[in-house]
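Residue-level listing of the chains:
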Amino acid sequence: MTVVGTTPPPGLPVRDRTARHRTDGVSPMLTRLAAERATGVLVRATGTLYLAEGRVVHAESPLAPGLDVLLTAHGTLDAGAWRDAVERAGEPDTADRLLLDRGRLAPGALELCHLSALYDAAYFALAPSGVPGSFRYGARHWLGSVHPVPAGAVEHETLRRRALLHRIWPDPATDSAPLERLGTAAAPAVAPRQGAVLARVDGLRTATDIARELGRPAFHTLVSLRRLAAAGLVAPRPALPGDSRPAHPAPGHGSPTAPGDPAAGPTPSVPPARIPPSRTPPPWLPPPWLPPPRIPPTPTPGPTPTPPRRRPRTARRPRRPLPRLAPRHRTAEEGQGCAGGPLSGCRRGSPPRDNRLDRPPRGEP
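All of the points below concern the structure found in this document.

## So, the environment of valine 234
If you trace the backbone, valine 234 turns up in strand β7 (residues 234-236). Here valine 234 falls in the buried class, since its relative accessible area comes to 2%. With 51 residues separating them along the chain, valine 234 and glycine 183 place their C-alpha atoms 8.8 Å apart. Apart from residues no more than four positions distant in its own chain, valine 234 is found in contact with Glu180, Arg181, Leu182, Leu198, Val201, Leu225, Leu228 and Ala229.

This is the structure in C-alpha cells:
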C-alpha cells in the first residue's frame, strides 16, 4: 500500500491588533508618553489628558461639556449626588467608587458617559495649536480610572472625527464662532435632533454653548451645525466693530491631518466651498439685421355676449301601457270565415277562402 503525502495548506494571515490604533503625528508627545507607559497629566492649549501607565483615563477641555453635564442633564444622576461625590473624594481614584457603591449610578451608564466625555474632550485637546504642551509626572485625576483607553485609539478617533467634519462642511468657522440663522425662502426640512440645535441659534450662542444647554457632546453638536451650514440654514455671525473675537478661532480642527504630519503647528483655515455659477443659458435675442417682430394689437375688451336662453324642459307624462287581451279560441263558424270578418283572413268585400284548401296535398305536384 502506497501512502501519498500532501503538502499542508499555508497558514492564514494573522491580523496585527496593534496596527489598528497605530497613528503617527497627531501628538508626538502623547505617542512618546504612551511608549514610556508614563503616568501624569498632559496639558495642551485646548485641553488636558490624564494618563495612567501610558493609557488615557480622562480628558477635559473648556470647549466640551464635562462628565457632570452628560450625567445630570437628562436625569441619569442627581446633581446633588454628583456634588456629594466630588466633596467626599478626598483622595484620587475614589469618586467613581462612591457613585457605584451607594447604588446611585449603574456601572454601564457611568462607563458609557465617561467614554463619550473622554473622546469628546480629547478631540479638542488634540487640536493643532502653536502653543507647546507640557507633562506633569505622577498627577492623577480625582475621578479615578473608569475605563482606560489606549493612546492610539484616541488618536485614531480624533483623525476620524476630523475627516467626518471636513466631508460634511469644510469651513471650521462654525465650530466656535457665534452663529446666526439665514432666512431662506424654501428651507429644507431638518431632523428633530438638528431642529433642537437650530432652535437655539440666536446670533450669540456658540457650538459649545448649545451643547451645554442641550446636555450633548460637543462633537455631536458640531456635526449638526455643519450639516445645517451645508444646507444654508446657519452661518457664522459677521464680526461686529466692538467684537474682540478673531475671525477664525484658535482650534483649527476643520481639515483632517494626514497620518505622519506633525500637528503641533497651526493649521491654515480651509476656505468655504465655492458655489458654482448658474448654468441657465442667456435669453435668446434676435440678430440686428432681422426686422422687429410684429406684435399684434391688444384686442379691446367688449361687452360680454349674453348666452341664448333655452326653453325649460317640461316633464313628459309617462305612457300608459295598453291592456293585454287574453287569447280566445275560434269557433267552427269563425274558422270558416265570413266576408270582412276579423278572423277570416280575407280582405273586406272579397269572398271568404280557406287557406288550407289552396294548399295541395303532400305528394302531389
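## So, the layout of surface pockets
Over the atoms rolls a probe the size of a water molecule, and in doing so it shows where empty space is left. There is about 200 Å³ of room inside the second largest pocket. Lining the second largest pocket are 15 residues, with His58, Glu60, Gly66, Leu67 and Asp68 sitting closest to its centre. Looking at the lining of the second largest pocket, the elements that each hand over two or more residues are β3 (55-60), α2 (67-72) and α5 (107-125). Per-element accounting of the lining of the second largest pocket gives the leading share, three residues, to β3. The residue makeup of the lining of the second largest pocket, split by class, is nine nonpolar, four polar and two charged.

## Overview of unusual backbone geometry
Phi at arginine 37 takes a positive value of approximately 55 degrees, unusual for a residue other than glycine. Position of arginine 37 among the secondary structure elements: in the loop between α1 (28-36) and β1 (40-44). The exposure class of arginine 37 is exposed, given its relative accessible area of 55%. A positive phi is found at glutamate 53, a non-glycine position, where the angle reads about 55 degrees.

## Here's the deal with α5
Counting along an α-helix, one turn takes 3.6 residues, and residues three or four places apart therefore face a common direction. If you check α5, its first and last C-alpha atoms are 26 Å apart, about what 19 residues at 1.5 Å a residue would give, namely 27 Å. When we look at burial in α5, the residues that qualify are Leu110, Cys113, His114, Ala117, Leu118, Asp120, Ala121, Ala122, Tyr123, Phe124 and Ala125.

## Digging into the pairing of strand β2 (residues 47-52)
Side-chain direction in a regular strand flips from residue to residue, so the side chains alternate between the two faces of the sheet. With respect to burial, β2 is a largely interior element, five of its six residues being buried. In this structure, β1 lies alongside β2, joined through five bridges in antiparallel fashion. Paired with glycine 40 across the bridge in β2 is leucine 51. A loop of two residues connects β1 with β2, the two strands running antiparallel in sequence. The turn linking β2 back onto β3 is made up of two residues, and glutamate 53 within it adopts a positive phi angle of 55 degrees.

## Quick notes on the pattern of salt bridges
What the rule picks out here adds up to eight salt bridges. The closest approach of N and O atoms between arginine 32 and glutamate 36, which form a salt bridge, is 3.2 Å. You can see arginine 32 and its partner glutamate 36 sitting in helix α1, four residues apart, about one turn around the helix. By relative accessible area, arginine 32 is classed as partly exposed at 41%. Across the pair glutamate 213 and arginine 200 runs a salt bridge, and its minimum N-O distance is 3.5 Å. In this pair, glutamate 213 is assigned in helix α8 (residues 207-214) and arginine 200 in the loop between α7 (192-198) and α8, connecting sequence segments 13 residues apart. The class of glutamate 213 is partly exposed, set by a relative accessible area of 42%. For arginine 200, a relative accessible area of 24% translates into the label partly exposed. Taken together, the salt bridges that share partners define one network made up of Arg200, Asp202, Arg205 and Glu213.

Each value, and the rule that gives it
Residues numbered from 1 in each chain as written. Predicted model: local features only at pLDDT ≥ 70, side-chain atom pairs only at ≥ 80, totals over all residues. Heavy atoms only, no water. Helix = DSSP H or I, 4+ residues; strand = E, 2+ residues; numbered from the N terminus. Buried < 20%, exposed > 50% of the residue type's maximum accessible area, 1.4 Å probe, protein only. Contact = heavy atoms within 4.5 Å. 1 Å grid on protein atoms, 1.4 Å probe; cavity = no way out; pocket = protein on both sides within 12 Å on 5 of 7 lines; lining within 4 Å. Points joined across faces, edges and corners; volume = space filled by probe spheres on them. Nonpolar A, V, L, I, M, F, W, Y, C, P; charged D, E, K, R; others polar. Expected span 1.5 Å × (residues − 1). Pairing = 2+ DSSP bridges. Salt bridge = Lys/Arg side-chain N within 4 Å of Asp/Glu carboxyl O.

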